[in-house]
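Analysis of the macromolecular model
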Amino acid sequence: SGTHALLVVAATLSAVTALRSENDVAADDVYPPLWDLAAETLLDFPVRDNKIVINAWNYQERLGVYKSLLNASAKYFGAFGPQNSGNILWGLPLQHGWQFRTGRLADPSGVTSCGYENGEFLCQSVRSWWSCMNYYLSIIPFLGAVEAGLFGQLPYEIEILPPEEQKDDFCYSVKDCWSRMPKLMDDWKAFFEHQAVSSASFSSFKLDDALGLMWKAHTSSIAYALPKFKDSLKYLSDPEANFGVDWSNAVDFIAATHFYTDLPTTNNFQAFLPQRMLVEGDVPPSISDFSPQQNKVLVSLRALHKTNKLTGGLLLKLWKKAMSTEAGRKLGRKLIENLASS
């Protein structure tokens, strides 16, 4: 029954979202690594041949894209927390910061020194599955925001530099991305336009609506990128590859609750993700250098993915149905948080 499905999912997700008190997060860890060094606005990036040029394969520059997005959209989220902490776009750079901190953006094939401390530390490898997946959750939202007018009338066009290989797997300008992936661009543009319209009309700005549009775009990006980068999983250990795919699957369940992706909530949430890459021989729930919660999360994500697959996607369908009203979503989030803290 639907209720049973709800409980299965809630029990499985509960481990993922076990909330900590905010004091557990040391002040330095609140922001992604190197946040202070990232560009604040688009005009902080180099301009060449009348174009703002961004190297998306450099961690600090990709972070600058996020920071520009957060700064430009701060005006919409002022009511939801001091110093832009209530901005629901925080989930994206924080997730990316976790990937960087845990070595997930470095070249997993070991062929280059890209992303390693003794090599090109800030380099993001195009062979990294995480880095490629994240392109669709950084550059695409960003170009959607440019098109939606979030940054006003820019004096220059924007050009994103291509990686060294797999050039065809990405797009590099507003025009290029529109012609190649119109639905993704449309979903992200709709999210940013909605903020502008609902702020301008002084009607009550509904956070739930904003979250719904953001998660719709977020899940579209993942669904589009997953088949594209399937081959990159071969560079990862089996446990890490499984975790990556399990995590992508779980996002659909989390998205259905319109989970709050502001600064404090995302930080609490991420404490339970693995703090390093998984290697051969890592078998949850008995990975000795992981906390019990981190082990539990890995087991739960695996179970959630397997169950959903075994039921032919029925589990997700039932969960989405249960989450189709604002009251249902509130219950979903509450269920996750309560189960988590018990």
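Taking an unreviewed UniProt entry as the reference, the chain is identified by name as LEG1H protein belonging to Notiomystis cincta. Within the UniProt record for the chain, the comment given under Sequence similarities (unreviewed entry) is "Belongs to the LEG1 family." UniProt, in its Subcellular location (unreviewed entry) section for the chain, records the words "Secreted".

Structural notes on the overall build of the chain
A tally of regular secondary structure across the chain gives 13 helices and 3 strands. Evaluated residue by residue, the chain yields a buried proportion of 54% over its 342 residues. Counted over contacts in the chain with a minimum sequence separation of 6, partners at least 24 positions apart contribute 72%.

With respect to the sheet that holds strand E2 (residues 51-54)
The strand order across the open sheet built from 3 strands is E1-E2-E3, with neighbouring strands paired in mixed fashion. Of all strands in the sheet, those with a lone pairing partner are strand E1 (47-48) and strand E3 (157-160), marking the two edges. Alignment of E2 against E3, held across 4 bridges, turns out to be parallel. Bridging across to E3, Lys51 finds its partner in Glu157. Sheet contacts for helix H5 (residues 139-147): E2 and E3; angle to E3, the most-contacted strand, approximately 170°.

Let's talk about the nonpolar core
Judged by nonpolar contacts, the single largest core of 94 residues is most densely connected at Phe142 and Ile160. Setting aside residues no more than four positions away along its own chain, Ile160 makes contact with Ile54, Ala56, Tyr135, Ile139, Phe142, Leu143 and Tyr172.

Digging into the packing of helix H2 (residues 59-77) against helix H3 (residues 91-101)
Between H2 and H3, the shortest axis-to-axis distance is 10 Å and the interhelical angle comes to 165°. One way to sum up the angle between H2 and H3 is to call them roughly antiparallel. When you trace H2 past H3, the crossing you get is left-handed. Of the residues in H3, those touching H2 at Tyr59, Arg62, Tyr66 and Leu70 are Leu92, Pro93, His96, Gly97 and Phe100. The residue makeup of the contact of H2 with H3, split by class, is 6 nonpolar, 2 polar and 1 charged.

The rules behind each value
- Residues numbered from 1 in each chain as written.
- Predicted model: local features only at pLDDT ≥ 70, side-chain atom pairs only at ≥ 80, totals over all residues.
- Heavy atoms only, no water.
- UniProt positions renumbered as here; feature names shortened; annotations may be inferred.
- Helix = DSSP H or I, 4+ residues; strand = E, 2+ residues; numbered from the N terminus.
- Buried < 20%, exposed > 50% of the residue type's maximum accessible area, 1.4 Å probe, protein only.
- Contact = heavy atoms within 4.5 Å.
- Pairing = 2+ DSSP bridges.
- Axes fitted to C-alpha atoms, helices over the stretch in contact; angles between N-to-C directions.
- Core = buried A, V, L, I, M, F, W, Y, C linked by side-chain atoms within 4.5 Å.
- Parallel < 35°, antiparallel > 145°, perpendicular 65-115°, else oblique.
- Left-handed = near helix turned anticlockwise from the far one by under 90°.
- Nonpolar A, V, L, I, M, F, W, Y, C, P; charged D, E, K, R; others polar.

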